[in-house]
Amino acid sequence: MNLKNEFDPIRNWAKNREIYSKGDIKTQTIKLFEEVGELSKAILDNNEHEIIDAIGDIVIVLTNLSKLKNLNIEDCVNSAYKVIQNRNGKMFNGTFVKE
């Protein structure tokens, strides 16, 4: 996997709204938890539309958090994927547990 610049439209949107110039990593982290809470509720309610919306919102917040730390989310995803791409393990109670 090699993502490159797929998130530029999100970064441009956030820049135009001064999220990077006036934003704060701590408040964006709180926003992330808010969005994860919305995803959790949507999953409990089995609300497909809200699940899609919440996952999208989480990706946007993570994109902004990355940029606020002078990182690109693409690099973060690629780095994480390199770590897990050959990982082995088993499913246990609905969760993948690595060896």
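Above: the structure in question.
Quick summary incoming for the structure in this document.

**Comments concerning the pairing of strand β2 (residues 95-98)**
The side chains of a regular strand alternate between the sheet's two faces.
Now for step 1: Sheet topology places strand β1 (residues 89-92) next to β2; four bridges connect them, and they run antiparallel. Note that in β2 the partner of Phe 92 across the bridge is Thr 95.
Now for step 2: From the end of β1 to the start of β2, which pair antiparallel, there are two residues, and Asn 93 there has a positive phi angle of about 50°.

**Regarding the side chain of Glu 74**
Now for step 1: Within the secondary structure layout, Glu 74 lies in helix α5 (residues 73-84).
Now for step 2: The class for Glu 74 is buried, based on a relative accessible area of 2%.
Now for step 3: Side-chain polar atoms of Glu 74 contact the side chain of Arg 11, separated by 2.8 Å.

**Thoughts on unusual backbone geometry**
Now for step 1: Its identity as a non-glycine residue notwithstanding, Asn 70 has a phi of 60°, on the positive side.
Now for step 2: Relative accessible area serves as the criterion here: at 71%, Asn 70 is assigned to the exposed category.
Now for step 3: In this model, Asn 93 sits at a positive phi of 50°, which is unusual for a non-glycine residue.

**Focus: the nonpolar core**
Now for step 1: Core analysis: the biggest nonpolar cluster contains eight residues, these being Leu 32, Leu 39, Ala 42, Ile 51, Ala 54, Ile 58, Val 61 and Leu 65.
Now for step 2: Here this core takes five residues from helix α4 (residues 48-68), the largest share from any one element.
Now for step 3: In this view, Val 61 contacts Gln 28, Lys 31, Leu 32 and Glu 35; residues no more than four positions away in its chain are not counted.

**So, the pattern of salt bridges**
Now for step 1: All told, the structure shown has six salt bridges when counted by the stated rule.
Now for step 2: Note that Glu 74 is salt-bridged to Arg 11, the shortest N-O span being 2.8 Å. Linking Glu 74 in helix α5 with Arg 11 in helix α1 (residues 8-16), this pair joins segments that are 63 residues apart in sequence.
Now for step 3: Across the salt bridge formed by Glu 18 and Lys 22, the nearest N and O atoms sit 3.2 Å from each other.
Now for step 4: Classification of Glu 18 by relative accessible area gives partly exposed; the value is 39%.
Now for step 5: The exposure class assigned to Lys 22 is exposed, which follows from its relative accessible area of 62%.
Now for step 6: One salt-bridge network, held together by shared partners, links Asp 8, Arg 11 and Glu 74.

The rules behind the values
Residues numbered from 1 in each chain as written. Predicted model: local features only at pLDDT ≥ 70, side-chain atom pairs only at ≥ 80, totals over all residues. Heavy atoms only, no water. Pairing = 2+ DSSP bridges. Helix = DSSP H or I, 4+ residues; strand = E, 2+ residues; numbered from the N terminus. Buried < 20%, exposed > 50% of the residue type's maximum accessible area, 1.4 Å probe, protein only. Polar contact = N/O pair within 3.5 Å; in protein donor to acceptor, adjacent residues only side chain to side chain. Core = buried A, V, L, I, M, F, W, Y, C linked by side-chain atoms within 4.5 Å. Contact = heavy atoms within 4.5 Å. Salt bridge = Lys/Arg side-chain N within 4 Å of Asp/Glu carboxyl O.

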